[in-house]
Amino acid sequence: MPAAEVRTGYQRIAVGQTQVDIRTYQRFDDAGTPEWSGTRSEVVLVHGIGASERYYGPLIWELARTSIVHTLELPGFGSTPKPGRQLQMEDFGRIAVQALEAAGIHGAQWVGHSMGCQVVVEMALAAPEAVSSVVLLGPTINDAERSAPLQALRLLQDCLGEPPAVNYMLVTDYLRAGPRWYLSTLPVMIRHRLEERIAGVKPPVLLVRGGKDPVVRADWLARLAHARPGAVTAEIPGQPHVLMYTRPKETAALMRTAAAVQ
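About the cut-offs
Residues numbered from 1 in each chain as written. Predicted model: local features only at pLDDT ≥ 70, side-chain atom pairs only at ≥ 80, totals over all residues. Heavy atoms only, no water. Helix = DSSP H or I, 4+ residues; strand = E, 2+ residues; numbered from the N terminus. Rg over C-alpha atoms; globule rule 2.2 N^0.38 Å. Buried < 20%, exposed > 50% of the residue type's maximum accessible area, 1.4 Å probe, protein only. Phe/Tyr/Trp six-rings, centres within 6.5 Å; stacked < 30°, edge-to-face > 60°. 1 Å grid on protein atoms, 1.4 Å probe; cavity = no way out; pocket = protein on both sides within 12 Å on 5 of 7 lines; lining within 4 Å. Points joined across faces, edges and corners; volume = space filled by probe spheres on them. Expected span 1.5 Å × (residues − 1). Arc of directions from axis to C-beta.

Engineer: Sorry, what's going on with the overall build of the protein here?
Structural biologist: Secondary structure summary: the protein contains ten helices and eight strands in total. The C-alpha atoms of the protein give 17 Å as radius of gyration, which agrees with the globular expectation for 262 residues (18 Å, within 12%). C-alpha atoms of the protein, sized along the principal axes, occupy 55 × 40 × 40 Å. Relative to its full complement of 262 residues, the protein shows a buried share of 55%.

Here it is as structure tokens:
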């Protein structure tokens, strides 16, 4: 059987005055032929505030065994230029949908982490026909802790439980985004009411938290599930907020189960 390798494609998509970076990961055999081309499932990964695609690394390689994986870096974060104006959560969602449309990515499973969950919900509300299922990993913001000081405390608590590699990636990504863009986006994130917006999401929804995540507590996940009847919840025991880095196999398995529910 031919050996396989994962290759990366890159597109920078202009949406109005903003830009989105999309990277695509797909396995090819040693003859240069895409494995299961045309029949393989597709996944889109959306990062949280200040972050980039980097902390999805272990999950990307796990998912690439069975799927074509796309990572999306939002305007002003990761490698993308900063927009000329502050974007609201609905703006991030609309821009992401238009970028995927321009890139020819349709019918994928959309996965968000942290603030990326809020973006993915707005994406699903803007284009419900373009997504197969929605997976929210560590969804923010807990409605019982909707303040910047509390969120900062929870983030600090989580850092103590994250691997050093995750903390390094996040700190360097925050510095790359810059304090001005990060701090101007934070109030947008805090004001956004996921518990209200999630009710209108039509595709199947999976909600996942790490068992030791201080940012996303079990009671908050339960309230989200109650707000969106039919949503499935799952917990990966003993894991922090960036659970897809620490437990990529378990996270991927949950995502595949959600993808099978149509």
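Let's pick the thread back up.
Engineer: What exactly am I supposed to notice about the packing of aromatic side chains here?
Structural biologist: The description of two aromatic rings rests on the distance between their centres and on the angle between their planes. A complete count under the given rule lists five aromatic pairs for this structure. Note on tyrosine 174 and tyrosine 182: the rings are 5.2 Å apart at their centroids and 55° apart in plane angle, and the pair reads as tilted. Residue class for tyrosine 174 comes out partly exposed when judged on its relative accessible area of 22%. Through a chain of ring-to-ring contacts, the aromatic side chains of Phe77, Phe92 and Trp181 assemble into a single cluster.

Engineer: Explanation requested: the layout of surface pockets in the structure shown.
Structural biologist: Left-over empty space is what a probe sized like a water molecule reveals as it rolls over the atoms. Roughly 290 Å³ of volume is contained in the largest pocket. In terms of lining, the largest pocket is formed by 21 residues, of which the most central are Ile49, Leu155, Tyr174, Tyr182 and Met189. Elements that contribute at least two residues to the lining of the largest pocket include exactly helix H4 (148-159), helix H5 (164-177) and helix H6 (179-191). Of the residues forming the lining of the largest pocket, the biggest block, five residues, is contributed by H4.

Engineer: How should unusual backbone geometry be read in this particular structure?
Structural biologist: Glycine aside, a negative phi is what most residues show, and trans is what most peptide bonds show. Cis peptide bonds are those with omega within 30 degrees of zero, and the linkage from threonine 140 to isoleucine 141 qualifies with 0°. Among the secondary structure elements, isoleucine 141 is positioned in the loop between strand S6 (131-137) and H4. Despite not being glycine, serine 114 has its phi angle at roughly 55°, a positive value. Mapping serine 114 onto the fold places it in the loop between strand S5 (108-113) and helix H3 (115-126).

Engineer: Before we go on, may I ask you to explain helix H10 (residues 248-259) in this structure?
Structural biologist: Because each turn of an α-helix spans 3.6 residues, side chains separated by three or four positions end up pointing in the same direction. Between the first and last C-alpha of H10 there are 16 Å, a value that for twelve residues agrees with the 16 Å anticipated at 1.5 Å per step. Listed as buried for H10 are Pro248, Thr251, Ala252, Met255 and Ala258. The arc that holds every buried residue of H10, seen down its axis, measures 120°, which confines them to one face. Exposed residues pointing more than 90 degrees away from the buried face of H10 are listed as Lys249 and Thr257.

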